[in-house]
Amino acid sequence: MGWSGNLVRKLAMVIFMSAVAAGIQSCGIYSFTGTSIQFDVKTVTINYFDYLAMKVNPSLSNQITEALQEKFLKLTKLEQVDMDGDLEISGAVTGYDVKATAVTASEQAATNRLTVTVKISFTNRKYPEDDLPDKSFSAYADFDAMQPLDAVEASLCEEIVEQLCEDIFNATVARW
């Protein structure tokens, strides 16, 4: 078989790999970012997250909304629209709590935990079977109880928002 046989095998492999890649792409539901978005879903609406928690953090709603929009912008090809997107996410911050998680021998808090809870509603106008009505997500970050919350709140919230957005993204379009 020699030289021409190798060339034929390589050419056959290239054609096969191209066909597989084209087949995966034409299905429209798989991507290399881990999303499962149907080919005919083109737009997403991410509404501003309301703030309903008892303890107030005035910037948290905005942080979550912007971080989620950024995640969809980076990891999908969906066009973000202000209303009536093929996909729509609405949400609210429903919990913002600090609790002691570790106590010293003298019964004082050694570690505190900031927990943020959000409730979302995900609507898929093209494939309603994928809807997620009223799903809650929580994320937390621990910090030394000797530090006041005000001193660490910004960095903790950044970490928590990142985790919440990852969880929401995975539940809505990656379906993990």
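What comes next is a walk through the structure. (Residues numbered from 1 in each chain as written. Predicted model: local features only at pLDDT ≥ 70, side-chain atom pairs only at ≥ 80, totals over all residues. Heavy atoms only, no water.)

**Describing empty space enclosed by the protein**
Tallied over the entire structure, the rule returns one cavity of 30 Å³ or more. Looking at the largest cavity, its volume works out to about 50 Å³. Lining the largest cavity we find Ser36, Ile37, Gln38, Val41, Leu87, Phe122, Asn124, Asp130, Thr172, Val173 and Arg175. When grouped by side-chain class, the residues that make up the lining of the largest cavity number five nonpolar, four polar and two charged. (1 Å grid on protein atoms, 1.4 Å probe; cavity = no way out; pocket = protein on both sides within 12 Å on 5 of 7 lines; lining within 4 Å. Points joined across faces, edges and corners; volume = space filled by probe spheres on them. Nonpolar A, V, L, I, M, F, W, Y, C, P; charged D, E, K, R; others polar.)

**Things to note about the side chain of Thr45**
You can see Thr45 is positioned in strand β1 (residues 43–46). Of the polar contacts made by the side chain of Thr45, one reaches the backbone nitrogen of Gly85; its length is 2.9 Å. In this structure, Thr45 is in contact with Val81, Asp82, Met83, Asp84, Gly85, Leu87, Glu88 and Ile89, ignoring residues within four places of it in sequence. (Helix = DSSP H or I, 4+ residues; strand = E, 2+ residues; numbered from the N terminus. Polar contact = N/O pair within 3.5 Å; in protein donor to acceptor, adjacent residues only side chain to side chain. Contact = heavy atoms within 4.5 Å.)

**Notes on the environment of Leu132**
Residue placement: Leu132 occurs in strand β6 (residues 132–144). If near-sequence neighbours (up to four positions away) are discounted, Leu132 is found in contact with Ile120, Ser121, Phe122, Ala171 and Thr172.

**Points about the packing of aromatic side chains**
Enumeration according to the criterion identifies one aromatic pair in this entry. Ring plane angle 70 degrees and centroid distance 5.1 Å describe the contact between Phe72 and Phe169, whose orientation is recorded as edge-to-face. In this pair, Phe72 sits in helix α2 (residues 60–75) while Phe169 sits in helix α3 (residues 149–174), placing the two residues 97 residues apart along the sequence. Across this residue pair, the class does not change: Phe72 and Phe169 are buried. The positively charged end of Lys71 is found above the aromatic ring belonging to Phe169, 5.9 Å away from the centroid. The ring of Phe137 carries the charged tip of Lys135 above its face, separated from the ring centre by 5.4 Å. (Phe/Tyr/Trp six-rings, centres within 6.5 Å; stacked < 30°, edge-to-face > 60°. Buried < 20%, exposed > 50% of the residue type's maximum accessible area, 1.4 Å probe, protein only. Lys NZ or Arg CZ within 6 Å of the ring centre and 35° of its normal.)

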